[in-house]
Amino acid sequence: MANKAQVLYEFTAEAGNNELSVREGETITIINQNVGGGWIEAQNSNGDVGLVPEDYIEVNSSAAPSAPQTQAAVGSYDAYSSEPAYTQGTNGSDPWSSSAWTANNSPPGNWDYGGQQQTPAFQQQGSLDDDEWDDESDDGRSAGGYSQAEDGGATQRGGTLHPSMKISLNKFPFSKTPNPEVYLLGKLPNKGKEKLSIYMGEVGPVWLYPQTPLDCIVADPKKGTKMYGLKSYIEYQITPSTTNRAVNHRYKHFDWLYERLLEKFGSAIPIPCLPDKQITGRFDDDFIKMRMERLQGWMSRMCRHPVVCESEVFQLFVTYKDERDWKVGKRKAEKDETMGVMIFSTIEPEAPDLDPIEVEQKCDMYSRFTKSMDDGVKDLLNVGHLHWKRCTGPLQKEYQKIGKAFQNLSNVFTTSGYTGETTLTEALTATGRTYEDIAEIVASQPKQDLHFLLETNSEYKGLLGCFPDTIGVHKAAIEKWKEADRLVAMNKINHQDKLTMAKRLSTMSYSLQAEMNHFHSNRIYDYNRVMRLYLEQQVKFYETIADKLRQALGQYADL
């Protein structure tokens, strides 16, 4: 007997994608529960058959499922429906010269990274088109309208939701900080080829940067299908500057890369999340354009990091030769043992050991700065969102009303019958039209300048949201070192172990200092460029308005 299921949330099907629209509270019949990718095939009461997100329904408990099915709570990491989840694109060597910095046709959408890193929950296997990977299973947040993204985790099933509210399919953030004791007191693996060098520069400890900078261009999105046309996806072309040979990746491949980078480097390097997922509208041109811009930005940020861009897994992503090369490299990356806190075992600072007290002081300083900057970025985003809404709403309407009022007065003047006021009435009418033109200029201006400012701040909001977890690893290591005397007194470790802990804590501190110096360097560069762009566009904006007002002024006679 076919299973029955209750629809928990309304879902609107996309045309041409074999999906089925369902209403909240509707009872549907499950035809195939093993479609995969977070979908099930179902039939409604009208006999229509199509695909429905499995997290949007609840199978009736009275009927046993036809096959074992992994059902994740809304917002959790479903091993069969996850797609690994961000900066301004690059074109050539200048990360600000990309087409990503052209005006968008619509206000940027919600880009909420949630400010948290996410932990990998499974090891993905297979080739570029592995069926166990999800297609374009994005979350349901709208791609249009620059409304303020809310902080907080994914929406939980059972919560109060509006019937039309979409469910976030993003993964849960880290549940706990990795245990640094594994590195501080554990036996370190033999050093292989992997070595992360830190040297003392003018600003202090810095990562060793590659001699040839890496840049990648994300472009040419194309729609493809799988499962005999039942499911569709978008594939992007990525061209690295080092080879100029394009490789193709779907969103889920970016997601896989994000998970690998987070698992490998997350304890030492903040890895920002990818753009949000989306259930509906993911094949709309505006959404594809926005996602490509943000994937370009995320890739640019990764390319600019000296450790990430040189890593074997990142190089695999941008330079694999064929499907076999990708498959072999992918499985090798998933078996990498130098993960989490053990990444510190590959770091070799060319500097003397630091005093643990100095380590703690620097850690606290970085924690305070990143928290303060995070607050400042969020405040600017809030103000920017409100200003965008004013420009496209009340402010635009005010200018339109002023324009109409001038034209109405001009119409009244024409009824006077006085022959000597033609010049005045024509000038008044032109002034009214000028203010209507200004209204349109005001409404379109945020796309020319505020868009880029908000995108940059959204990017930094996501990046800054990763720092608490990364710095938390260092704080936990400091607390563990503080216990060293007690552990020695209890004969759990010896004096040499305590010295080893201090030395390794010093290595961790050098990595944090190098990372913060990299962050500050990028921050100064990014904000200098985006503020210059913003103010240049603001100057053009006000000059355009001034020119229009001068033209209107010139139509009035000098009596």
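See above for the structure.
Let us look at the structure shown here. Quick caveat, the model's predicted, so the values are computed rather than measured.

Details of the pairing of strand β9 (residues 231-240)
The buried fraction of β9 is high, at seven of 10 residues. In this sheet, strand β10 (residues 247-250) lies alongside β9 in antiparallel orientation, the contact comprising four bridges. Within the sheet, the bridge partner assigned to Q237 lies in β10 and is N248. Between β9 and the antiparallel strand that follows it, β10, lie six residues; N244 among them carries a positive phi value of about 55°.

Side note on the pattern of salt bridges
If you walk through the whole model with that rule in mind, you get 24 salt bridges. Note that E194 is salt-bridged to K264, the shortest N-O span being 2.9 Å. One end of the pair, E194, is in the loop between α1 (181-184) and β6 (196-201); the other, K264, is in helix α2 (residues 251-265), with 70 residues separating them in the sequence. On the basis of relative accessible area, E194 is assigned to the partly exposed category, the value being 30%. Here K498 makes a salt bridge to D485, at a shortest N to O gap of 2.4 Å. With a gap of 13 residues between them, K498 in helix α13 (residues 495-553) and D485 in helix α12 (residues 484-489) connect regions that are remote in the sequence. The class of D485 is partly exposed, set by a relative accessible area of 49%. Connected through shared salt-bridge partners, E181, K480, E483 and R486 make up one network.

Digging into the packing of helix α3 (residues 285-303) against helix α5 (residues 312-319)
For the pair α3 and α5, interaxial distance at closest approach is 12 Å and the crossing angle is 135°. As the angle between them shows, α3 and α5 are arranged oblique. The element α3 and its partner α5 pack so that their crossing is left-handed. Here M299, M302 and C303 of α3 come into contact with α5, specifically with F314, F317 and V318.

Observations regarding the packing of aromatic side chains
Applying the stated criterion across every chain yields a total of 14 aromatic pairs. Considering the side-chain rings of Y183 and F344, the 5.7 Å spacing of their centres and the 45° angle between planes classify their relative orientation as tilted. Here Y183, found in helix α1, pairs with F344, found in the loop between α6 (323-334) and β11 (347-349); they are 161 residues apart in sequence, far enough to count as distant. For Y183, a relative accessible area of 2% puts it in the buried group. A network of ring pairs unites the aromatic residues Y236, F254, W256, F317, Y320 and W326 as a single cluster. Here R291 stacks its cationic end above the ring of Y251, 3.8 Å away from the centre of that ring. The cationic tip of R504 hangs over the ring face of Y183; the distance from NZ or CZ to the ring centre is 5.7 Å.

Structural notes on the side chain of N517
Relative to the helices and strands, N517 is located in helix α13. Exposure remark for N517: the relative accessible area of 15% places this residue in the buried category. At 2.6 Å, the side chain of N517 and the backbone oxygen of P205 are in polar contact. Aside from chain neighbours lying at most four places away, what touches N517 is V203, G204, P205 and V206.

With respect to the sheet that holds strand β3 (residues 39-43)
Taking strand neighbours across the sheet as the criterion, the five strands line up as β4-β3-β2-β1-β5 in an open arrangement whose pairing is antiparallel. Looking at the sheet topology across the chains shown, the edges are occupied by β4 (49-53) and β5 (57-59). Taken pair by pair, the neighbouring strands of this sheet meet at an average axis angle of 45°, ignoring direction. Judged from the four bridges that link them, strand β2 (residues 27-36) and β3 form a sheet pairing that is antiparallel. Across the sheet, the residue bridging to G36 is W39, located in β3.

Quick notes on unusual backbone geometry
Here N244, not a glycine, exhibits a phi torsion of approximately 55°, which is positive. Following the sequence through the fold, N244 ends up in the loop between β9 and β10. A residue is classified by how much of its surface remains accessible, and N244, at 63% relative accessible area, is exposed.

What counts and what doesn't
- Residues numbered from 1 in each chain as written.
- Predicted model: local features only at pLDDT ≥ 70, side-chain atom pairs only at ≥ 80, totals over all residues.
- Heavy atoms only, no water.
- Buried < 20%, exposed > 50% of the residue type's maximum accessible area, 1.4 Å probe, protein only.
- Helix = DSSP H or I, 4+ residues; strand = E, 2+ residues; numbered from the N terminus.
- Pairing = 2+ DSSP bridges.
- Salt bridge = Lys/Arg side-chain N within 4 Å of Asp/Glu carboxyl O.
- Axes fitted to C-alpha atoms, helices over the stretch in contact; angles between N-to-C directions.
- Parallel < 35°, antiparallel > 145°, perpendicular 65-115°, else oblique.
- Left-handed = near helix turned anticlockwise from the far one by under 90°.
- Contact = heavy atoms within 4.5 Å.
- Phe/Tyr/Trp six-rings, centres within 6.5 Å; stacked < 30°, edge-to-face > 60°.
- Lys NZ or Arg CZ within 6 Å of the ring centre and 35° of its normal.
- Polar contact = N/O pair within 3.5 Å; in protein donor to acceptor, adjacent residues only side chain to side chain.

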